[in-house]
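As a plain string of letters, each chain reads:
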Amino acid sequence: AQSVTQLDSQVPVFEEAPVELRCNYSSSVSVYLFWYVQYPNQGLQLLLKYLSGSTLVESINGFEAEFNKSQTSFHLRKPSVHISDTAEYFCAVSSTGSQGNLIFGKGTKLSVKP
Amino acid sequence: GAGVSQTPSNKVTEKGKYVELRCDPISGHTALYWYRQSLGQGPEFLIYFQGTGAADDSGLPNDRFFAVRPEGSVSTLKIQRTERGDSAVYLCASSTQENTEAFFGQGTRLTVV
């Protein structure tokens, strides 16, 4: 069985500051890792994913996450946030043999203030 | 369609009643998933269809919950004898058979009173 822990339920930051949203997972099998974002009044959207290869993955809007197998982590980072990044962010994991079954963390609400 | 469509967007029902929630996946997507998101929680997996068959229904909480996808496209999640604890946002997602990215609908907010 897998589980995902997002340690921070809320993260307030000022615009243009760096941010890190933490995610740790546990699994006895190989996994795929995902970050989803939910903007206010919208559905979940995939932000980025790690399947294999380079452990550093990037999104088109400046976020990046690094898969760290030894620490079982997949933290999400952005060097300079914008007001428009205000949203709830969910980390998720699936086993490579059951890709349809995503296990989500409880989410982190990122609030970017001017 | 352009995206995953879920109807209704909101549903209020009385305790003990039967409800059906509908999901229209992206055209051509063979995989379809149902999740449930309670307040303050992340989405929780319920069931996964590959084509017409349920490939994994291990997340259905009990036998009051049932889902079908008779023609391999539209899916209906059915809840019998609803309870107040069933109140949540029910999310549907779809993906191609080969692609791991799941595209989510905006959900149906079910409130049992």
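All chains use their own residue numbering, which begins from 1 and follows the written sequence. Written order decides the labels, with chains lettered from A and ligands numbered from 1. The predicted nature of this model means local features are confined to residues of pLDDT at least 70 and side-chain atom pairs, given and counted, to a pLDDT of 80 or more, with totals for whole chains, interfaces and linings taken over all residues. Excluding hydrogens and water, the side-chain figures rest on all heavy atoms present in the structure.

Once that is clear, we can look at the overall build of chain A. If you tally the helices and strands in chain A, you get zero helices and twelve strands. Moving toward the C terminus, one meets the helices and strands of chain A in the order β-β-β-β-β-β-β-β-β-β-β-β. We compute the radius of gyration from the C-alpha atoms alone; for a globule the expected value is 2.2 Å times N to the 0.38, where N is the number of residues. Here the C-alpha atoms of chain A give a radius of gyration of 14 Å, agreeing with the 13 Å that 2.2 N^0.38 yields for 114 residues. With the C-alpha coordinates aligned to their principal axes, the bounding extent of chain A is approximately 45 × 30 × 25 Å. By definition, any uninterrupted DSSP run of H or I lasting at least four residues is a helix, any uninterrupted run of E lasting at least two residues is a strand, and each is numbered from the N terminus.

In this section: the environment of B:Thr30. Residue and element names in this part refer to chain B. You can see Thr30 is positioned in the loop between β3 (19-24) and β4 (31-37). Residue exposure (1.4 Å probe, protein chains only): buried if accessible area is under 20% of the type maximum, exposed if over 50%, otherwise partly exposed. Judged by relative accessible area, which is 29%, Thr30 ranks as partly exposed. Residues Thr30 and Ser95 lie 65 residues apart in sequence; the distance between their C-alpha atoms is 6.6 Å. Whether two residues are in contact is decided by their heavy atoms: any pair within 4.5 Å suffices. Those residues within four positions of Thr30 in sequence are excluded, and the remaining contacts are Phe49, Gln50, Gly51, Arg69, Ser95, Thr96 and Gln97.

The next point concerns the interface of chain B and chain A. Listed per partner, the contact involves 19 residues of chain B and 20 residues of chain A. Carbon and sulfur atoms supply 53% of the area that chain B and chain A bury against each other, a total of about 1500 Å² over both sides. Salt-bridge detection follows one rule: a side-chain nitrogen of Lys or Arg within 4 Å of a carboxyl oxygen of Asp or Glu. Our count for the contact surface shared by chain B and chain A stands at zero salt bridges. Counting of polar contacts relies on pairs of N or O atoms within 3.5 Å, with two restrictions inside protein: one atom must be capable of donating a hydrogen and the other of accepting it, and residues adjacent in sequence are counted only when both atoms are side-chain atoms. Here chain B is connected to chain A by two residue pairs in polar contact (both at pLDDT 80 or more). At the level of secondary structure, the elements contributing two or more residues to the side of chain B that touches chain A comprise β4 and β5 (44-50) of chain B. Looking at the side of chain B that touches chain A element by element, the count peaks at three residues for β4(B). All amino acids are sorted into three groups, where Ala, Val, Leu, Ile, Met, Phe, Trp, Tyr, Cys and Pro are nonpolar, Asp, Glu, Lys and Arg are charged, and the leftover types, Gly among them, are polar. Grouping the amino acids of the side of chain B that touches chain A by side-chain chemistry returns eight nonpolar, nine polar and two charged. What counts as buried area is the accessible surface, traced by a 1.4 Å probe, that two parts surrender upon association, with contributions from both included.

When two cysteine sulfur atoms are found within 2.5 Å, that pair is recorded as a disulfide. Enumeration according to the criterion identifies two disulfides over all chains in this entry. In this model, A:Cys23 is linked to A:Cys91 through a disulfide, with the two sulfur atoms separated by 2.0 Å. With the S-S bond torsion at -65°, the cross-link from A:Cys23 to A:Cys91 turns out left-handed. Remark: A:Cys91 occurs in strand β10 (residues 87-95) and A:Cys23 occurs in the loop between β3 (19-21) and β4 (24-26); sequence separation between them is 68 residues. Considered together, A:Cys23 and A:Cys91 belong to a single accessibility category, that of buried residues. There is a disulfide in this structure between B:Cys23 and B:Cys92, and the S-S distance comes to 1.9 Å. Taking the sign of the S-S torsion, about -70° here, the bridge from B:Cys23 to B:Cys92 comes out left-handed. Placement of the pair is B:Cys23 in strand β3 and B:Cys92 in strand β9 (residues 88-95), with a sequence separation of 69 residues. Judged by its relative accessible area of 0%, B:Cys92 is buried.

Looking now at the sheet that holds strand β1 (residues 5-7) of chain B. Residues and elements named next belong to chain B. Any two strands with at least two DSSP bridges between them are considered paired. Across the sheet, which stays open at both edges, the four strands sit in the order β1-β3-β8-β7 with antiparallel pairing between neighbours. Each of the sheet's edge strands pairs with one partner strand only, and the pair in question is β1 and β7 (65-68). With strand direction ignored, the average angle separating the axes of adjacent strands in the sheet is 15°. Sheet topology note: the β3/strand β8 (residues 75-79) ladder contains five bridges and is antiparallel. From the neighbouring strand, Val19 faces β8, where its bridge partner is Ile79. Note on geometry: axes are lines fitted to C-alpha atoms, helical ones only across the stretch in contact, with angles between N-to-C directions running from 0 to 180 degrees.

Turning to the confidence of the model for chain A, a few remarks are in order. The predictor attaches a confidence to each residue, and that confidence, scored 0 to 100, is pLDDT. Per-residue pLDDT for chain A averages 92, and the proportion of residues at 70 or more is 96%. Per-element confidence in chain A is highest for β3(A), whose mean pLDDT is 98, and lowest for strand β7 (residues 56-58) of chain A, whose mean pLDDT is 92.

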